[in-house]
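# Structural characterization, general
Listed below are the residues making up each chain.
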Amino acid sequence: MKIYFFASHTARESTRQNQNRMRKLLEQSGSVVISNLNPTGEIAESLMEKAEELGQSVLDQIDVLVIEGSGSDPEIGYLLAYAISAKKPTLYLMEKGSQANNPLVFLASKKIPSHVVVKIYSTPTLEPSLYEMLGQLEDSEFAGAPTIKFTLRITHQIEQYLHWKTHNTNLSKADYLRRLIEDLIKKDEEYRKYRKKRIQ
């Protein structure tokens, strides 16, 4: 999973320490993390090159946005607008007592989309809050949103079977295979335990 972690600008040292902790915790979860706290590096450059190749934004290459929005930063509004319009899974964290700066207040009269998870944290609850949200994301429909291209060569017999199985349904052969694999993942207890360990 590729995560873009955005830390809002803040003068509070304790908040900056929490932001650095978040970045480290995200990295420890086994995810690839790109952050405005460390905007250079091989991974960031590689994503920028790929985005240029495809004529996309770097954010289009990201699976998940994690925003620490305790400070006031104009970039947060842009990232939230992008997340909402692109239906990008987003974890939005605010330090307790910082809600006055929250741009989501403007969405209060409307419904905040379900793919934007908002959590208020304090320093002691930071780690469990972050892991809980990663766990929710892991179990959500967004974790399985197809973004990776994969070539699979099959026999004529398999192709005939897939055609027969998907005939008169709304499913493509690829969607049918994805669902079969998702069912296997749900039933595979050993794999679920392995995934749980990676975010602990």
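This section reports on the structure supplied with the text. Along each chain, residue indices are assigned from 1 in the same order as the chain's sequence is written. pLDDT decides what is reported in this predicted model: residues at 70 or higher carry local features, side-chain atom pairs at 80 or more are listed and counted, and totals for whole chains, interfaces and linings draw on all residues regardless. Excluding hydrogens and water, the side-chain values take into account all heavy atoms of the structure.

Take the environment of Tyr-161 next. To qualify as a helix, a DSSP run of H or I must reach at least 4 residues; to qualify as a strand, a run of E must reach at least 2; elements of each kind are numbered from the N terminus. Relative to the assigned elements, Tyr-161 resides in helix H5 (residues 156-166). In sequence terms Tyr-161 and Lys-173 are twelve residues apart; their C-alpha atoms lie 9.7 Å from each other.

Now for the packing of aromatic side chains. Centres within 6.5 Å are what make two rings of Phe, Tyr or Trp a pair, Trp counting through its six-membered ring; a difference in plane orientation under 30 degrees is then read as stacked, over 60 as edge-to-face, and the rest as tilted. Going through the model one piece at a time under the given rule, you end up with one aromatic pair. Measuring from ring centre to ring centre gives 6.0 Å for Tyr-161 and Trp-164, while their planes differ by 40°; the resulting arrangement is tilted. On the criterion of helical spacing, the pair formed by Tyr-161 and Trp-164 is a turn pair, its members being three residues apart in helix H5.

Moving on to the nonpolar core. Think of a nonpolar core as a cluster: buried Ala, Val, Leu, Ile, Met, Phe, Trp, Tyr and Cys residues, connected wherever their side-chain atoms sit within 4.5 Å. Only protein chains enter the calculation, and the probe is 1.4 Å; a residue is then buried if its accessible area is under 20% of its type maximum, exposed if over 50%, and partly exposed in between. Membership of the largest hydrophobic core comes to 17 residues, with the highest contact counts inside it found for Phe-5, Met-22, Leu-26, Val-66 and Leu-93. Looking at this core, the elements with two or more residues in it are strand S1 (2-7), helix H1 (13-28), strand S3 (64-68), strand S4 (90-95) and helix H4 (126-139). Counting residues per element, this core draws most heavily on H4, at five residues.

Attention shifts here to the pairing of S1. In terms of burial, S1 is a largely internal element, five of the six residues being buried. For two strands to count as paired, DSSP must find a minimum of two bridges between them. With four bridges joining them, S1 and strand S2 (residues 32-35) adopt parallel strand pairing. Following the sheet pairing, Phe-5 is matched in S2 by Ser-35. Crossovers are described as right-handed under a simple rule: with the strands pointing away from the observer, the path leading from the first strand over the helix to the second runs clockwise. Taken together, S1, H1 and S2 form a β-α-β motif whose crossover is right-handed.

What follows covers the sheet that holds S2. As summarised here, the arrangement of the five strands in space is S2-S1-S3-S4-S5, forming an open sheet in which the pairing is parallel. The outermost strands of the open sheet, each flanked by one partner alone, are S2 and strand S5 (116-121). The mean angle between the axes of side-by-side strands here comes to 20°, regardless of whether they run parallel or antiparallel. With five bridges connecting them, S1 and S3 associate as parallel partners. Its bridge partner being in S3, Ile-3 is matched across the sheet by Val-64. Residues are treated as being in contact if the distance between any of their heavy atoms lies within 4.5 Å. Axis definition: a line fitted to C-alpha atoms, over the contacting stretch in the case of helices. Angles run 0 to 180 degrees between N-to-C directions. Each of S1, S2, S3, S4 and S5 touches H1; the most contacted strand, S1, lies at about 175° to it.

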